[in-house]
Number of protein chains: 2
Amino acid sequence: MSQPTMEDVARLAGVSRALVSLVMRDSPKVSNHSRTAVLDAADQLGYRPNLAARILASRKTSTIGLVLDDLHNPFFPDIADGVNEAAEQSDYRLLMNSAFLTPASEQRAVETFLEFRTDGVIIVGSRLAAGAIETAAESVPIVVVGRPLRSDRVDSVNNNETRGARLVVDHLVELGHGRIAHIDGGRGAGAAQRRAGFVAAMKRHGLRPDVVSGDFTEAGGVAAMRELLARRRRPTAVFAANDLTAVGALGCTEDAGLSVPDDISLVGYDNVALAATHHISMTTVDQPRNEMGRLAVATLLERLEGSRSSVARHVLAPSLRIRSTTAPPGPAARRKRAGTRNNPGR
Amino acid sequence: MSQPTMEDVARLAGVSRALVSLVMRDSPKVSNHSRTAVLDAADQLGYRPNLAARILASRKTSTIGLVLDDLHNPFFPDIADGVNEAAEQSDYRLLMNSAFLTPASEQRAVETFLEFRTDGVIIVGSRLAAGAIETAAESVPIVVVGRPLRSDRVDSVNNNETRGARLVVDHLVELGHGRIAHIDGGRGAGAAQRRAGFVAAMKRHGLRPDVVSGDFTEAGGVAAMRELLARRRRPTAVFAANDLTAVGALGCTEDAGLSVPDDISLVGYDNVALAATHHISMTTVDQPRNEMGRLAVATLLERLEGSRSSVARHVLAPSLRIRSTTAPPGPAARRKRAGTRNNPGR
DNA sequence: CGCCGGGATTAGAGCGCTCCAATTATCGAA
DNA sequence: TTCGATAATTGGAGCGCTCTAATCCCGGCG
């Protein structure tokens, strides 16, 4: 299990260690003859460069670290896809870590990357205190995705949360809803902005904003919905902070023998693939996740290549996707729509 | 951005580099006095040990690498949770990578860990050729999860695929189904065994096994189901290779105006959280994913601590979860059940 | 009062690689 | 044939840490 080193390869190939190093890095200034000799020897020994040594000597890792808040939320893998695609086209290798929904885990993940001295770090859906991110950014360029952040040192990529929330409220109000509740994302990234956007939009319409707390998970959606349904006066529409929460709320509502959207309209956020399936067909707000991932990498590379030193704050436009979980409220509306909606039958 | 080194800390604290090293590793043989001095100095400088240097000098990374085939399939995050929990209780740090469903990406991910010299690697749902895994295992202990493998050097953790498939077929046959199709997982991990299990079980019942190809993705499920529905004689039941595929098939079936389970019964595999939601309520085969993740770590640690040198092949028992997507076939059965099934209404 | 033992500390030799300056080989031109 | 230039190769000095062996320090003991 003890691995061969460059020294071993050099000896076998009958050249110097430095030459082997050049070959391993595809330097053009190596004769074909010695190149093949080295490559053969390396192959024969099963040689593989030692990353740690390489990093130590070269003082760069050619690696970017990606921290995802929650792998169970499809939003994150979607971003990861974008990040991966962009990273593949660069010379950087990707290393990931999950925050498993807790700040402590996230901190640990980031810390690992800092110790590793990755060239850059992308944090998606950070739950860290702004100060902690700021501090980390002192030692490595960081791009935060999906977490609005006003910092003049940390780059960020977001969608316009306020606007997204407004799109939802406007849509529901237009349908005739007045009692609209919001299941928020608690301390999750972007939750505060979505909540604020909801409150502002409601007030704009002269409506009373009603917020119950959630946590961006499906279970959280179930719990919050249960609470809402238990009320004397139920809301006629519910805006969940993300699709995962909305799916939980959907299941809970049906469990209670109510129908969506006949009894209650439901809106999510993110436009995760699941929401788009015929079976769920959730009205939601789309965030261009793949693009956000790619943009995060591009933003990071600008820093790494030194082509930008000022802070970058990208804010992409969200868009409403109207599907089958929203409809006008009340029995009248329900009757009016009878027979016109597709009904999966399950 | 240039980081302080141990040397800097030592100088500031007025001690030697070696002492700082001891403090950083919580050695007990350091006086309280110098410990605080060092810690203060480190803090003041914002010192963070350099992982690369540390690894190089100590010849161990205290890191285990985790490679997941597809983040979009909740099966993998579930396993990751188990792995994380177990890793947290050990002294090993976790580093992840996604294979993004392609062998090439997976190979790259594994390669990164090999160069990094992680102490061990856990590959979940590997698509690599057995030979490639075997080769990699020459330089680092590897545990493969969710991919049956006969190797006398690579440890593995699996559920009994054959048995899982049999549970499904038996259940469907018991309900009265005869025309049962299987949407397989193509080249995905474990797909071959599930397929074989399906074929064997069908034959045992004297039925003709009908297999169409899928790829463990939702899109694959949609495509395969479309093909099945287009047939002159549709199957009365479909066994999808995993839940993701089943969800795709479900949506597709409903799109076609058919009802599950009235027109077609549907079974998945994995028992992913999504399948358990009231809204989907999918009959499926449960794999103890969290436990599998933990077991993978335990298995790896045994190797690392040298308490086992023989190969370990854990095979856990799958179990059937009967929910609302399976029912007896045919119009008669349908009539019989009229009004008895819960109907979400959407 | 010198010596001993053990805890605390330190010097120094690497770990496997990159990078730079320096050396050697190669080759055409004068 | 010689020289300069260019190409190819090499030695050696680190990169920032760990680890072993050696040293230091100090109180207690004979």
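A brief structural summary. (Residues numbered from 1 in each chain as written. Chains lettered and ligands numbered in written order. Predicted model: local features only at pLDDT ≥ 70, side-chain atom pairs only at ≥ 80, totals over all residues. Heavy atoms only, no water.)

Considering the sheet that holds strand β9 (residues 265-267) of chain A
All names here are of chain A. Strand order in the open sheet formed by 4 strands is β7-β6-β8-β9, with parallel pairing between adjacent strands. Because the sheet does not close on itself, it has two edges, and the strands there are β7 (210-212) and β9. Each strand of the sheet is rotated relative to its neighbour by a mean of 20°, with strand direction disregarded. Note: strand β8 (residues 237-240) against β9, 3 bridges, orientation parallel. The residue of β9 that forms the bridge with Val238 is Leu266. In the packing of helix α9 (residues 191-204) onto the sheet, the strands contacted are β6 (180-183), β7 and β8, and the crossing angle to β6 comes to about 170°. Against the sheet, helix α11 (residues 243-255) contacts β6, β8 and β9, and its axis sits at roughly 160° relative to β9. (Pairing = 2+ DSSP bridges. Helix = DSSP H or I, 4+ residues; strand = E, 2+ residues; numbered from the N terminus. Axes fitted to C-alpha atoms, helices over the stretch in contact; angles between N-to-C directions. Contact = heavy atoms within 4.5 Å.)

Description of the packing of aromatic side chains
Overall, the coordinates contain 7 aromatic pairs over all chains when judged by the stated rule. Both rings, one in Phe116 of chain A and one in Phe116 of chain B, keep their centres 4.7 Å apart while their planes meet at 80°; by these two values the pair is edge-to-face. In this pair, Phe116 of chain A is assigned in helix α6 (residues 103-116) and Phe116 of chain B in helix α6 (residues 103-116), connecting two distinct chains. For Phe116 of chain B, a relative accessible area of 2% gives the class buried. (Phe/Tyr/Trp six-rings, centres within 6.5 Å; stacked < 30°, edge-to-face > 60°. Buried < 20%, exposed > 50% of the residue type's maximum accessible area, 1.4 Å probe, protein only.)

As for the interface of chain A and chain B
When the parts come together, some accessible area is lost, and that loss is often what is quoted as the size of the interface. Facing 62 residues of chain A, the contacting portion of chain B comprises 61 residues. Interface area for chain A against chain B, summed over the two sides, is near 5800 Å², with a carbon-plus-sulfur share of 54%. Here chain A and chain B share 6 salt bridges between them. The partner of Arg108 of chain A in a salt bridge is Glu88 of chain B, and the shortest N-O contact between them spans 2.9 Å. Inspection of the region where chain A meets chain B yields 26 residue pairs in polar contact (both at pLDDT 80 or more). Only α4 (51-58), α5 (75-88), β2 (93-98), α6 and α11 of chain A provide two or more residues apiece to the side of chain A that touches chain B. (Buried area = accessible area lost by both parts, 1.4 Å probe. Salt bridge = Lys/Arg side-chain N within 4 Å of Asp/Glu carboxyl O. Polar contact = N/O pair within 3.5 Å; in protein donor to acceptor, adjacent residues only side chain to side chain.)

Considerations on unusual backbone geometry
Residues Val260 of chain A and Pro261 of chain A are joined by a peptide bond in cis, for which omega reads 5°. Checked against the element boundaries, Pro261 of chain A lands in the loop between α11 and β9. Phi angles above zero are rare outside glycine, and Phe216 of chain A is one such case at about 75°. Within the secondary structure layout, Phe216 of chain A lies in the loop between β7 and α10 (218-229). Using a relative accessible area of 9% as the deciding quantity, one classes Phe216 of chain A as buried. The backbone phi angle of Ser281 of chain B is positive, close to 50°, even though this residue is not glycine. Mapping Ser281 of chain B onto the fold places it in the loop between α12 (273-276) and β10 (284-286). Under the relative-accessibility criterion, Ser281 of chain B is labelled buried at 11%.

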